[in-house]
Amino acid sequence: MPTLHLGFLASHGGSNMQAIIDACKSGRLDAIPCCVISNNSDSKALERAAKEGIPYYHISAIKYPDPKELDKAIIEKFTQHGVDTVILAGYMKKLGHTVINRFNGRILNIHPALLPKYGGKGMYGNFVHEAVIKAKEKFSGPTVHLVDANYDKGRILGQKKVPVLPDDTIETLAERVLQQEHVLYPEVLQKIATGEIII
Ligand code: GRF
């Protein structure tokens, strides 16, 4: 099977991106991290890319106020670096239709809950874990899914369950889920690389 050529979009910490890069470096994942784009010039994700020697770019609505130009800039960089699979790793912006169409069916996202529950508008970051705790769910966990025009509604490619403990706070639950995100994302990508999951 062909090696995946990954292009990342990340807004903040980039710990999922790092887990995927580490999996590539250790040979657990047959993929090449080709390029990192962040809308946030101060993001740790860009710092990590610099450290890893991966080409990185700050592309934001401030630099490109016209959404069409913003999409064009993202597509240009990914194309220039031979990206065939786009990885959303804590990307806090909605992707434009042009980008979605260009990489049609090959854009993945990770969400910190067991979709289809706790997804959609307003369900991000700590709001997700807060809602899970409030609903007294017994389990939570990350979901990797394909991205289409309907947020958090694309085909589910993989999930991992973790328990929600009676004394969990948003922080303790978020940490338990994040640890599994770091396992799940590279695993799903490797299944795509080997053809076990077809996208
Ligand atoms: C993760 O919780 C992920 O589920 C969500 O954004 C967060 C990104 O964390 N989509 P990081 O930037 O990878 O550390």
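Everything that follows concerns the structure shown earlier in this document.
Just so we're clear, the structure is a prediction, and the values are computed from it rather than from any experiment.

(A) Representation of the overall build of the protein within the structure. A count of helices and strands for the protein gives six helices and nine strands. What you see for the protein is a C-alpha radius of gyration of 16 Å, in line with the 16 Å of a compact globule of 199 residues. For the protein, the C-alpha atoms occupy an extent of roughly 50 × 40 × 30 Å along the three principal directions. Relative to its full complement of 199 residues, the protein shows a buried share of 47%. Restricting to contacts in the protein with at least 6 residues of sequence separation, those with at least 24 account for 66%. Carbon and sulfur atoms provide 55% of the accessible area of the protein, an area that totals close to 10100 Å². Separation between the mean location of the 24 positive side-chain charges and that of the 21 negative ones in the protein comes to 3 Å.

(B) Region of interest: a nonpolar patch on the surface. A grouping of Met92, Tyr124 and Phe127 is seen on the molecular surface, where their side chains present a nonpolar patch of about 310 Å² in accessible area. Structurally, Met92 is set in the loop between β4 (85-88) and α4 (97-102).

(C) A look at the pairing of strand β1 (residues 4-9). Burial analysis of β1 places five of its six residues in the buried class, which makes it a mostly covered element. Looking at chain direction, β1 and strand β2 (residues 31-38) are connected through six bridges and run parallel. The partner of Gly7 across the bridge, within β2, is Cys35. Tracing the backbone out of β1, into helix α1 (residues 15-26) and back to the parallel element β2 gives a crossover that is right-handed. As defined by bridge partners, β1 adjoins β4 across four bridges and the pair is classed as parallel. The residue of β4 that forms the bridge with Leu9 is Leu88.

(D) Layout of the site of the ligand. Neighbouring residues of the ligand: Gly13, Gly14, Ser15, Asn16, Gly90, Ile110, His111, Pro112 and Glu181. Measuring from a nitrogen atom of the ligand, one finds a backbone N or O atom of Ile110 at 2.8 Å. Pro112 is positioned with one of its backbone polar atoms (N or O) 3.5 Å from an oxygen atom of the ligand. Listed by contribution, the elements that provide at least two residues to the shell around the ligand are α1 and β5 (107-111).

(E) Examining the pattern of salt bridges more closely. Taken as a whole and assessed by the stated rule, the structure comprises four salt bridges. The shortest N-O distance in the salt bridge between Lys25 and Glu52 comes to 2.8 Å. With a gap of 27 residues between them, Lys25 in helix α1 and Glu52 in helix α2 (residues 44-52) connect regions that are remote in the sequence. By relative accessible area, which is 56% here, Lys25 ends up exposed. As a salt-bridge pair, Glu137 and Lys117 come within 2.7 Å of each other at their nearest N and O atoms.

(F) Main features of the nonpolar core. Leu6, Ile20, Leu108 and Leu189 are the most contacted members of the largest nonpolar core, which totals 30 residues. For this core, the secondary structure elements donating two or more residues are β1, α1, β2, α2, β5, β7 (143-146) and α6 (170-194). Residue contributions to this core peak at six residues, all from α6. By size, the runner-up hydrophobic cluster in this structure holds 21 residues, among which are Cys34, Ala73, Leu88 and Val99.

Reading the values: the criteria
In this convention, every chain numbers its residues from 1, walking through the sequence in written order. Totals for whole chains, interfaces and linings use every residue, but because this is a predicted model, local features are given only for residues with pLDDT of at least 70 and side-chain atom pairs only at 80 or more, for both listing and counting. Only hydrogens and water are set aside; all other atoms, that is, all heavy atoms of the structure, feed into the side-chain values. To qualify as a helix, a DSSP run of H or I must reach at least 4 residues; to qualify as a strand, a run of E must reach at least 2; elements of each kind are numbered from the N terminus. Throughout, the radius of gyration refers to the C-alpha atoms, and the reference size of a globule is 2.2 Å times the residue count to the power 0.38. Classification of residues uses two cut-offs on accessible area relative to the type maximum, computed with a 1.4 Å probe and protein chains only: under 20% is buried, over 50% is exposed, and between them is partly exposed. Any two residues having at least one pair of non-hydrogen atoms within 4.5 Å are treated as being in contact. For every accessible area listed, the method is Shrake-Rupley and the probe measures 1.4 Å; residues are considered covered only by the protein chains on display. The charge count treats Lys and Arg as positive and Asp and Glu as negative. His and the chain ends do not count. For charged residues, the charge sits on one atom: NZ in Lys, CZ in Arg, CG in Asp, CD in Glu. Patch definition: residues above 30% relative accessible area lacking any salt bridge, with like charges linked at up to 9 Å and the nonpolar side chains Val, Leu, Ile, Met, Phe, Trp and Tyr linked at up to 5 Å. In the sections that follow, a salt bridge refers to a side-chain nitrogen of Lys or Arg positioned within 4 Å of a carboxyl oxygen of Asp or Glu. Note on pairing: DSSP must find at least two bridges between two strands before they are called paired. The definition of a right-handed crossover adopted here requires that, viewed with the strands pointing away, the path from the first strand over the helix to the second runs clockwise. Definition of nearness: a residue and a molecule or strand are near each other if at least one heavy atom of the residue lies within 4 Å of the molecule or strand. In the analysis that follows, any N or O atom pair within 3.5 Å is treated as a polar contact, provided that within protein one partner can donate a hydrogen and the other can accept it, and provided that, for residues neighboring in sequence, both atoms belong to side chains. Here the nonpolar core consists of buried residues drawn from Ala, Val, Leu, Ile, Met, Phe, Trp, Tyr and Cys, with membership extended through side-chain atoms lying within 4.5 Å.

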